[in-house]
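Summary of structural features
So you can see what is in the structure, the chains are spelled out below.
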Amino acid sequence: MYKVLIVDDEKIIRIGMRTIIDWESYGFKISEIASDGEQALQVIQEQSIDLVITDIKMPKMDGITLVKALKEQDFKGQIIMLTSYGEFDMARECLRYGVHDYLLKGTLRSTELIKTLDGVRPKLKQLERENEKEEVAENKEDLVCIEQVARKVLGNSENKIDGKAFIRGYQFLLIKYIKSKFDQEKNQDKTLINYQIAIQNIITEVMPKQDKSLVIIEGDWCLYRLPIPHETPYQEVHKISLQIQNLIKLYTNIKVIGVIGRTVYTNNDLQDSIKKCMRVTEMAFYTGYQDILKEEKINLIKSYRLKEDDTYERRLYKAMRDGEYAQAVHGLEAYIEHLRKYFVPQREVEISLDRILQQVILDYGIYLEKDRQHLAEIIEQYRKSTTLEELQVLINELIYTICTSMEQVKDKHYRKEIVEIMEYVEAHIGEKITLTFIANQVNMNESYISRLFKNETGMNIINYINIRKMEKAKELLKEKNMIVKDVAYALGFEEQSYFNRMFNKYFGVNPKEYKKCVNENINRSL
């Protein structure tokens, strides 16, 4: 479909030219209208026009001046003049500047216009063929440079890139393969190269006239040259990009995010644009992976590095110690909002949240003893998550589960006998506590108090004793002058090896590893 620009200062003529024929049925489409030569030049600078149909006499800039200006600018399209009686000499003068023909607008009929369009069509087709040949020849050198630059940047090469200018401007869609920690471990050798054929076929389906060689894949990155801006409006570019992204997800069953870069004119422009787009892909960790992002989003990413400030963490841990679920969740939300405000790099956020998750499990995982399967499911889903929202939901779920269990264990609204048992355990935590000792203390049958304790607290009495001893063990291990052996003996364990096994059973790490982890956190906060 050839694009037509109508230029005339008379509104009635502009309307008449739009409706005189069904332009599209003859292979033409009126893209724009202008009321004078200056407007026409501006339109031609902003978009591709194949045929200009212009009046001769107009205010500001007349048709003859417009034709001369187009010739000076090396306009490749065709021009048809609209003239009135008495303007034939001026119309013939325009023929010397390459105008195809002129029409008498006062008596113009549809048949005459169609005949003129039939005459100009072969010239436009010839121009198309010439442009295609020139574009292939001219673009070949550009595309070689583009691929070299792209592979260096996407491959994190330190090699210097020269500032060569391209023959024209280019715009790209950068696609990143998103992997969770689970994916990285399970498919550590898999990259977008494994999906290269599928991606090329998808792009061919969306843009059948585009050359497959314009798809560059390097590791987990894919760079695709989009239709150049002056040929396609941004809304269409966004639509094409989103369609490509969604089809890749659909047919390959992998998660990707796309970023539309700015128009680039040199190697240095391209290098800078790709680096910024790579940085922008990290924003999807905050926003999700449904829409296409734009390079200009880089302006929203503030220059900030996550500081070693444990204020949020200390508030969270205090709320956890107190069994205050609402306060713990509020503390986590405040921390998440702090991260969102600055778009802190994903890797730093993951390290911080991993530390929080690990510490919560180390300190309070003991309360999930009867629900280890649920804990395992939370951890697995956490490792499969790729957005901050998903991570936050799972940490919230873990906090809720732990706080609920803590509330059940620490609830003081038990009958008198149960309270006596709990007080006895606390008072003799450093001794070897047996069911017989407890039975004698409360003057009850061993079998009866076992059933009673289970019914009241939801756990058996031996497990409760072990939980309290392990909680005390954590407190003692935080003291610098207490070694593992001393802690074991202080809690009534005759053999350190048995203490080590029990500690590992409840917390998933041995006492020595826990003490090391605690010391590292203390040193970091100083």
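Remarks on the overall build of the protein
Counting its regular elements, the protein contains 22 helices and 11 strands. For 526 residues, the compact-globule estimate of 2.2 N^0.38 gives 24 Å, and the protein exceeds it by more than 25% at 37 Å. By principal-axis analysis of the C-alpha atoms, the protein measures approximately 125 × 50 × 40 Å. For the protein, the residues scored as buried account for 47% of the 526 residues in total. Residue pairs in contact within the protein that sit at least 24 positions apart in sequence constitute 69% of those at least 6 positions apart. Of the accessible surface of the protein, which amounts to about 27600 Å², a share of 48% is contributed by carbon and sulfur atoms. With 78 positive and 82 negative side-chain charges, the protein shows a spacing of 2 Å between the two charge centroids.

Focus: the pairing of strand E2 (residues 28–34)
Both strand E1 (residues 2–7) and E2 contribute to a ladder of six bridges, which runs parallel. If you follow Leu5 over to E2, its bridge partner there is Glu32. The β-α-β motif built from E1, the intervening helix H1 (residues 11–19) and the parallel element E2 has right-handed crossover chirality.

Describing the packing of helix H12 (residues 325–342) against helix H13 (residues 346–364)
Relative placement of two packed helices is described by the angle separating their axes and the distance separating the axes. Interaxial distance between H12 and H13 falls to 12 Å at its minimum, and their mutual angle equals 170°. By the criterion of interaxial angle, the relationship of H12 to H13 is roughly antiparallel. Contacts from Tyr335, Ile336 and Leu339 in H12 reach Val349, Ser352, Leu353 and Ile356 in H13. Classifying every residue of the contact of H12 with H13 by side-chain character gives six nonpolar, one polar and no charged.

Focus on the packing of aromatic side chains
In total, this model carries 11 aromatic pairs according to the counting rule given. Here Tyr177 and Tyr195 contribute two aromatic rings whose centre-to-centre distance is 6.0 Å and whose plane-to-plane angle is 85°, an arrangement assigned as edge-to-face. Residue Tyr177 is located in strand E6 (residues 165–178), and its partner Tyr195 is located in the loop between helix H6 (181–186) and helix H7 (196–206); the two are separated by 18 residues in the primary sequence. Here the two residues Tyr177 and Tyr195 agree in accessibility, since each one is buried. Linked through ring pairs, Phe493, Tyr498, Phe499, Phe503 and Tyr514 together constitute an aromatic cluster. In this arrangement the basic side chain of Lys294 is found over the ring face of Tyr234, its NZ or CZ atom lying 4.4 Å from the centre. Geometry around Phe182 places Lys384 over its ring, the cationic atom sitting 4.7 Å from the centre.

Cut-offs applied
- Residues numbered from 1 in each chain as written.
- Predicted model: local features only at pLDDT ≥ 70, side-chain atom pairs only at ≥ 80, totals over all residues.
- Heavy atoms only, no water.
- Helix = DSSP H or I, 4+ residues; strand = E, 2+ residues; numbered from the N terminus.
- Rg over C-alpha atoms; globule rule 2.2 N^0.38 Å.
- Buried < 20%, exposed > 50% of the residue type's maximum accessible area, 1.4 Å probe, protein only.
- Contact = heavy atoms within 4.5 Å.
- Areas by Shrake-Rupley, 256 points an atom, 1.4 Å probe, with all protein chains shown as cover.
- Lys, Arg positive; Asp, Glu negative; His and termini not counted.
- Charge placed at Lys NZ, Arg CZ, Asp CG, Glu CD.
- Pairing = 2+ DSSP bridges.
- Right-handed = clockwise from strand over helix to strand, strands pointing away.
- Axes fitted to C-alpha atoms, helices over the stretch in contact; angles between N-to-C directions.
- Parallel < 35°, antiparallel > 145°, perpendicular 65-115°, else oblique.
- Nonpolar A, V, L, I, M, F, W, Y, C, P; charged D, E, K, R; others polar.
- Phe/Tyr/Trp six-rings, centres within 6.5 Å; stacked < 30°, edge-to-face > 60°.
- Lys NZ or Arg CZ within 6 Å of the ring centre and 35° of its normal.

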